[in-house]
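Topology and contacts: notes
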Amino acid sequence: MDKLMSDLKRQIVEQLNLQHVKPEEIGDDQPLFVEGLGLDSIDALELIVLLQQQYNIKLNNAEDGPKVFQSVRTMAAYIQSQRA
Amino acid sequence: MTENLYITASCSIAGNVVVKDGKKLFENAETNAQLFLVSIYQHFALNYPRFYKMDNLAKLGWLATEILLDASFSKQDYQPEEIGLVFSNRSGSLDTDIKYYETVKTIASPALFVYTLPNIVMGEICIRHHFKGENDFFIFDRFDAGFLQEYMAHLFATGAVRACIGGWIEILDNDYHASVFLIEQKKKENALLFTEENIHHIYQITHG
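To start, this report covers the structure provided alongside it. (Residues numbered from 1 in each chain as written. Chains lettered and ligands numbered in written order. Predicted model: local features only at pLDDT ≥ 70, side-chain atom pairs only at ≥ 80, totals over all residues.)

**Digging into the overall build of chain A**
What chain A contains, in helices and strands, is four helices and zero strands. Mapped in sequence order, the helices and strands of chain A form the string α-α-α-α. Counting only residues that meet the buried cut, chain A has 24% of its 84 residues in that class. Sequence separation of at least 24 residues holds for 53% of the intrachain contacts in chain A that already meet a minimum separation of 6. (Helix = DSSP H or I, 4+ residues; strand = E, 2+ residues; numbered from the N terminus. Buried ≥ 20, exposed ≤ 12 C-beta atoms within 10 Å, placed from the backbone. Contact = placed C-beta atoms within 7 Å.)

This is how it looks when you write it as structure tokens:
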């Protein structure tokens with residue numbers, strides 16, 4: 001799980017062009033949107049692309065988005081659940 | 001009408017050089033356009049993380065406007081609706097269109113898609129400075145100082161704007177040229193009359 005979260009942080013920084021953020025600065029439970037990392041709706045779409053490109057996982061139910069993309073930890077948990 | 005309008009500031013970015021009001025402020029030898037734009041951002045110690053998400057056209061226009069509107073511009077003298085933008089270029093958003101097209105072959109990039117219109121650069125500038133006035137983006141084969149002068153003067157004459165930023169923001173691959181100028185109705189020190197000749201002169205400073 002730690003390795004997966006570490007990979008995700010690096011991939012988020014790369015995919016979203018967050019050149020002002022170091023991957024290790026992103027907290028495991030830090031909110032990704034609004035008051036946390038400050039991501040926006042376009043970033044949300046890029047996160048969906050990231051899941052598809054890097055992990056071959058499609059977010060089938062859009063309503064799951066807010067829960068899945070709450071933090072790096074929730075993303076990692078979702079990836080693990082889809083792999084299981 | 002034109003005799004009451006002044007070019008109160010100008011900024012050009014081209015050929016690895018940044019010029020503000022005729023004075024060279026920055027230069028380096030970076031041949032990659034995107035890296036050169038980032039080096040400008042870093043040199044001027046600008047702090048706007050959203051910059052990194054922009055496409056190259058938006059980066060170029062945003063930087064030129066950021067340097068144009070330094071401390072000498074009194075934004076508080078105007079209502080947000082009174083400040084307009086009139087830009088032009090040759091390639092539209094083709095620089096990003098091509099990159100987006102490449103991603104479509106696999107998984108289309110939403111972050112690139114949102115920049116596949118040239119006027120998005122004006123949106124980025126308006127978000128940054130909270131401008132809400134007239135926005136126009138024209139595509140021409142070449143820089144047309146006469147058209148910009150006439151069109152912007154008309155905006156002032158009809159009361160659509162009380163201040164307006166105009167110019168040329170062009171980028172395709174590593175070929176880039178931004179030349180923007182601020183038009184106001186009050187004469188400031190070193191202001192130029194808003195004439196076709198003076199606009200053309202500003203453009204020529206960084207266009208040989």
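Let's pick the thread back up.
**Points about the interface of chain B and chain A**
Contacts between chain B and chain A engage eight residues on the former and ten residues on the latter. Per-class residue counts for the side of chain B that touches chain A are six nonpolar, one polar and one charged. (Nonpolar A, V, L, I, M, F, W, Y, C, P; charged D, E, K, R; others polar.)

**Comments concerning the packing of helix 6 (residues 145-157) of chain B against helix 7 (residues 196-205) of chain B**
All names here are of chain B. Contact geometry for helix 6 and helix 7: axes closest at 9 Å, N-to-C directions at 125 degrees. One finds that helix 6 runs oblique with respect to helix 7. Helix 6 and helix 7 meet at a crossing whose hand is right-handed. Residue-level inspection shows Ala145, Gly146, Leu148 and Gln149 of helix 6 in contact with helix 7, the latter providing Glu196, Ile199, His200 and Tyr203. Along the lines of polarity and charge, the residues of the contact of helix 6 with helix 7 split into four nonpolar, three polar and one charged. (Axes fitted to C-alpha atoms, helices over the stretch in contact; angles between N-to-C directions. Parallel < 35°, antiparallel > 145°, perpendicular 65-115°, else oblique. Left-handed = near helix turned anticlockwise from the far one by under 90°.)

**Here's the deal with the pairing of strand 4 (residues 83-89) of chain B**
All names here are of chain B. Within strand 4, seven of the seven residues are buried, which leaves the element mostly enclosed by the surrounding structure. Going residue by residue along strand 4, you find Ile83, Leu85, Phe87 and Asn89 tucked away on one face and Gly84, Val86 and Ser88 tucked away on the opposite face as well. As judged from the six bridges shared by strand 4 and strand 6 (residues 163-172), these two strands associate in the parallel manner. Bridge assignment links glycine 84 to a residue of strand 6, and that residue is cysteine 164. (Pairing = 2+ DSSP bridges.)

**Overview of the packing of helix 1 (residues 33-43) of chain B against helix 2 (residues 56-68) of chain B**
Residues and elements named next belong to chain B. Relative to each other, helix 1 and helix 2 sit at 35 degrees, their axes nearing to 10 Å. With respect to the hand of their crossing, helix 1 and helix 2 are arranged in left-handed fashion. Of helix 2, the residues touching helix 1 (which contributes Ala33, Gln34, Leu37, Ile40 and Tyr41) are Asn56, Lys59, Leu60 and Leu63. Split into classes, the residues belonging to the contact of helix 1 with helix 2 amount to six nonpolar, two polar and one charged.

**A closer look at the nonpolar core**
Among the nonpolar cores identified, the biggest contains 56 residues, and Leu60, Ala64, Leu68, Ala178 and Ile183 of chain B are the most heavily contacted of them. With eight residues, helix 2 of chain B is the single largest residue contributor to this core. Setting aside residues no more than four positions away along its own chain, leucine 68 of chain B makes contact with Ala9, Ser10, Cys11, Ile165, Val180 and Leu182 of chain B. Counting residues in each nonpolar core, the second largest holds 16 residues, with Leu8, Leu37, Val68 and Ile79 of chain A among its members. (Core = buried A, V, L, I, M, F, W, Y, C linked by C-beta atoms within 7 Å.)

**A look at helix 7 of chain B**
Two residues of an α-helix separated by three or four positions point the same way, owing to the 3.6 residues in each turn. Among the residues of helix 7 of chain B, Ile199, Ile202 and Tyr203 of chain B are the ones counted as buried. Down the axis of helix 7 of chain B, the sector holding all buried residues measures 100 degrees, keeping them to one side. (Arc of directions from axis to C-beta.)

**A word on unusual backbone geometry**
A positive phi angle, close to 55 degrees, is found at asparagine 17 of chain A, a residue other than glycine. Here asparagine 17 of chain A shows up in the loop between helix 1 (2-15) and helix 2 (41-55). A positive phi angle is found at alanine 45 of chain B, which is not glycine, with a value near 50 degrees. As for its position among the elements, alanine 45 of chain B is in the loop between helix 1 and helix 2. A tally of 6 C-beta atoms within 10 Å means that alanine 45 of chain B is categorised as exposed.

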